[in-house]
Every structure is written in structure tokens, then in C-alpha cells.
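The residues making up each chain are set out below.
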Amino acid sequence: MRDFLLDDADRAFRTEVRDFLQRELLPRAADIEDRRSWDAVKHVVRALGAAGYLKLMFPDLYKGKLAHPGLTHATILSEEASYINYAFETTIATALSCAYPLHRHASERLRDTYLTPILEGTAIGAICVTEPNVGSDSAGMETRIDFDEMRNEWVINGSKRYISNASVADVYIVYGLTSDGMTAVAVPKNAKGMSFPRNYTFMGRRGCIVGEVGFDDCRVPADHLLGEKGGGFRIMRGMFNFERAILGGSGLGVARSAFDIATAHAQTRKSFGQALGCKQLIWDKIAQMSWRIDASELITYRATKMYDAGADGRALMKEAAMAKLVATETANYCANETVQILGGDGITKEYGRAEQIYRDARALTIVGGTSEVAKYLIAGRDLPDIRITL
Ligand SMILES: Cc1cc2nc3c(=O)[nH]c(=O)nc-3n(C[C@H](O)[C@H](O)[C@H](O)COP(=O)(O)OP(=O)(O)OC[C@H]3O[C@@H](n4cnc5c(N)ncnc54)[C@H](O)[C@@H]3O)c2cc1C
């Protein structure tokens, strides 16, 4: 049975959100993929916000039908959106990753200014961790955040790259180093000294925007600090737990969309006088995809259910990393095998979405911490008596 860890309310929510996305996202998916239409992305973000779906993660703000909204529902949303168009889903997943530290660590005034519009779908958020010289090794970041006591402002200097929603986001959570460690501040889009030198072109995820963000004596008021000075690493760890569980949902959605294409093709395409799926070399691939998807689902929703039951920080790190690892590796496995099962149809745009899914899936094992980093986080908990290093 699929969705074993979900209850009736979760399943009813899945049906509801799936219908919603069929109405709002599906008709715009080709516009996003073929024309990279940011207007189409924004339209769906607004619709999700207006329906209250961007508040699922924040039970104190959510006013909808669910009695116990939480990360499980946000992950179901992520899974269903990724099933239709993973590029679109990255925009909301990033906005929620920005909303998460604002909700937990910003002052009430900052929450009113930046968080509320993101959750209402009228603004977009971004997070700035990665730098030209620092990716997986985020603790080694070079961006500086200094405090100017005379002007009561934070001053940011540095360069961030691979930033999702760069230039289109309204607020950026920027991580940098202060004298006592890593610190996080919120930076509005019109802050003086912030620039967007370029956007990147990726092999997949067409329609989402990813670029560089520069900070040259960029200043924000003192109250734009999140949490405490030097407390940025703890904030980042909480944000990554949340992001990795959501990425489990993204991987699942992408894997399921590939699987559905593969099973349909295996049952209808004839080869050597039989349906393709009758051949052992093909049904073996279907079985391999099937168990991987089920395992991903169990591990992903285990992490979200743990979070919804109160686990966080170090207590969730291993399970969130496992969700991200298994579901994103599964997405790549399924995308690859689906292309193989489809043959030529798998690599043309004319015969469906398999080639798009294959290109989109590739980013999943890199973003939000690579598979190698996820394994490090998992093994680190399994080998408590020794100090493993990346
Ligand atoms: C489409 C896209 C969107 C992104 N969005 C954002 C965003 O919104 N915000 C943000 O801050 N970042 C974002 N990123 C950046 C992403 O988080 C990084 O790409 C990722 O963390 C890996 O960093 P890197 O690319 O610098 O690779 P590197 O860290 O240089 O790693 C390269 C390879 O080496 C491996 N590796 C590194 N160190 C070790 C080691 N010690 N042992 C074994 N293997 C190792 C890695 O796993 C990887 O396979 C995005 C990236 C992409 C591609």
C-alpha cells in the first residue's frame, strides 16, 4: 500500500491539492517549460497563497480546513507539484525555506513586512548560502556581515551563487560570518549595494530562476538580524532539515511521474509480439522503480511526521538527510530507467515528458546538500564514537 504513513486527513488533503494543481499548474506547465514563463510561475504562486497552502508549515498562521497542518502537508504539496512540474515547485520550496527562518527567528515587525506577503503568495523569498569558493563546505563561507555601531546597521560584503529566485525574490536570507561565527540577516530586494550579476542556464528546471547575488557594502537596519549574532549555523541547520524533507517530496513527485510514464508504455508498446512489460529485462526495471518509490515515501513521511510531532535540529538531521538522499536518488533512477524503457520516445520532446523529467531530476541530488553530504550526516550519527570527516 502506498502512503502507508499518511492518515485519512492527509489523504483527503492530497486529493484536494492535486485537484487544485491540476486546475492551476497543469495548464501552465508547458508555458513554464517551453517559454520559461515567470508570469505563469507567479500566477500559480499567487493562487497557492490565496488558497492558504503556503501557510501549511506554520500551524499558528494557517486558517484552513486541516485540523493539524504541518510539514507532512507541505511535503504532499511539494510532491504533487513536482509530479506536474519540478521547476515550478523549486520556486515555492525556496520561498518556504526563506519563510522558515523568518517565522522562527525574525521580530514581529520583520514578520509582518517580509513573511506575511510570502505566505500570501504576493512576494517571493530566497536563501543565500552558496558562494563561488564554498558549496558543500558552507561553514567555510567568506561573505562578511559586520555591524556598524555608528549607523546601527549590518554591512554585508561578499558574493553568493546558485541562488534560486535571485533577482525575482523580494527578500533574501543571507548567511555570512561575523566575529563570533555565522550570522543570518534578512535583506530586502531594493537594498543598496545588492546586485544580481547574472542568471544561469541549467540542463533542466526550465522556468525557475537561479543566479548570482553580489553584496558590496550592502546595508540593512539592525533589526534585520535573525535570531542572535553568531547563531546563524543553528538557524541554517533547522532550515536545511525542513528543506531536505521537502526535497524528499520533490524527489517522490518526480519519481512517480517517471514511473507512471514507464508503466503505461510497458503495457501498451508491443515488441517481439508481446507488450514490452512482459519481458523480464523490462519488468525488472519496473519492480526496481516500484520498491524504491515506496521506500522513499516511507522514509520521507517518517521525517515529516517526526517533525510534526516536535523533532527538530539534531534530532531530525539524520532522518531528513535520509529522506533527501533516498528520494532524490530514486528520482534519478526512475527518470533514467523510464527513458530507457521508452527508447527513442524517451529522449524526444515530441513523445511526452520523459526527457524533461530526466533533465529536471539531475539537479535533485545536488541542491539542498549533495548526496555525499547527506551520507556524511547519516553516517555521522551511526558512528558516534569516532569523528568522521567529509
Ligand atoms: C539549480 C540549483 C539551485 C540552487 N539553489 C540554491 C539556493 O537557493 N541557495 C543556495 O545557497 N544554494 C543553492 N544551490 C547551491 C547548492 O546548494 C550547491 O550546488 C550544493 O550545495 C553543492 O555545492 P557546489 O555546487 O559548490 O559543489 P561542491 O561543494 O564543490 O561539491 C562538488 C562535488 O564534490 C562532492 N564533495 C564535496 N566535498 C566533498 C568531500 N569532502 N568528500 C566527498 N565528496 C565531496 C559534492 O558532494 C559534489 O558532488 C543551488 C544549486 C543548484 C544547482
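Residues numbered from 1 in each chain as written. Predicted model: local features only at pLDDT ≥ 70, side-chain atom pairs only at ≥ 80, totals over all residues. Heavy atoms only, no water.

**Topic: the site of the ligand**
This is how it is decided: A single heavy atom is enough: if one lies within 4 Å of a molecule or strand, its residue is considered near that molecule or strand. Any pair of N or O atoms that falls within 3.5 Å is considered a polar contact. Within protein, one atom must be able to donate a hydrogen and the other to accept it, and sequence-neighbouring residues count only if both atoms are side-chain atoms. Areas reported as accessible are Shrake-Rupley estimates using a 1.4 Å probe. Residue values count occlusion only from the protein chains shown.
Taken together, 17 residues form the shell around the ligand, and within it Thr130, Ser136, Tyr162, Thr370 and Glu372 come nearest. Measuring from a nitrogen atom of the ligand, one finds a side-chain N or O atom of Thr130 at 2.7 Å. One of the side-chain nitrogen or oxygen atoms of Ser164 is found 2.9 Å away from a nitrogen atom of the ligand. Contact with the protein chains covers 68% of the free accessible surface of the ligand, which is 970 Å².

**Some details on unusual backbone geometry**
Selection criterion: The helix and strand labels rest on DSSP assignments: H or I over at least four residues marks a helix, E over at least two residues marks a strand, and numbering proceeds from the N terminus. Buried residues are those whose accessible area, probed at 1.4 Å on protein chains only, stays under 20% of the maximum for their type, while exposed residues exceed 50% and partly exposed ones sit between those limits.
Although it is not a glycine, Asn152 sits at a positive phi angle of roughly 55°. By secondary structure assignment, the location of Asn152 is in the loop between strand S2 (144-148) and strand S3 (153-164). For Asn152, a relative accessible area of 46% translates into the label partly exposed. Even without a glycine there, the phi angle at Phe272 is positive, about 50°. Relative to the elements of secondary structure, Phe272 occurs in the loop between strand S9 (270-271) and strand S10 (274-275).

**Notes on the nonpolar core**
What counts here: Joining through side-chain atoms within 4.5 Å is the link that ties buried Ala, Val, Leu, Ile, Met, Phe, Trp, Tyr and Cys residues into a set, and such a set is a nonpolar core. Residues count as neighbours in contact if any of their non-hydrogen atoms are within 4.5 Å of one another.
Judged by nonpolar contacts, the single largest core of 111 residues is most densely connected at Leu48, Phe88, Leu102, Tyr175 and Val187. At 15 residues, helix H7 (residues 232-268) tops the list of elements feeding residues into this core. If near-sequence neighbours (up to four positions away) are discounted, Val187 is found in contact with Ile156, Asp170, Val171, Tyr172, Val174, Met194, Phe215, Cys218 and Val220. Judged by nonpolar contacts, the second largest core, of 7 residues, contains Ala321, Leu325, Ala374 and Leu377.

**Points about the packing of aromatic side chains**
Here is the rule: Stacked, edge-to-face and tilted labels apply to pairs of Phe, Tyr and Trp rings (six-membered ring for Trp) whose centres lie within 6.5 Å, assigned for plane angles under 30 degrees, over 60, and everything in between, in that order. In this analysis the charged atom, NZ for Lys or CZ for Arg, is taken to sit over a ring once it is within 6 Å of the ring centre and within 35 degrees of the ring normal.
Applying the stated rule across the entire model yields 8 aromatic pairs. Where Phe13 meets Tyr53, the ring centres are 5.9 Å apart and the plane angle is 75°; that geometry is what we call edge-to-face. One end of the pair, Phe13, is in helix H1 (residues 8-24); the other, Tyr53, is in the loop between helix H3 (38-50) and helix H4 (71-84), with 40 residues separating them in the sequence. Both residues of the pair, Phe13 and Tyr53, count as buried. Feature note: the residues Phe13, Phe20 and Tyr53 constitute an aromatic cluster, connected by ring pairs. Of note, Arg292 hangs over the ring of Tyr333, and the distance from its end group to the ring centre comes to 3.8 Å.

**A few points about the pattern of salt bridges**
Note on pairing: side chains with opposite charge can pair once their charged atoms come close. Rule in force here: One side-chain nitrogen of Lys or Arg within 4 Å of one carboxyl oxygen of Asp or Glu is enough to make a salt bridge.
Under the definition given, this model contains 29 salt bridges. Between Glu33 and Arg359 there is a salt bridge, with its nearest N and O atoms 2.8 Å apart. Residue Glu33 is located in helix H2 (residues 29-35), and its partner Arg359 is located in helix H10 (residues 354-361); the two are separated by 326 residues in the primary sequence. The class of Glu33 is buried, set by a relative accessible area of 3%. Residue class for Arg359 comes out buried when judged on its relative accessible area of 11%. Across the pair Arg111 and Asp60 runs a salt bridge, and its minimum N-O distance is 3.9 Å. Here Arg111, found in helix H6 (residues 108-119), pairs with Asp60, found in the loop between H3 and H4; they are 51 residues apart in sequence, far enough to count as distant.

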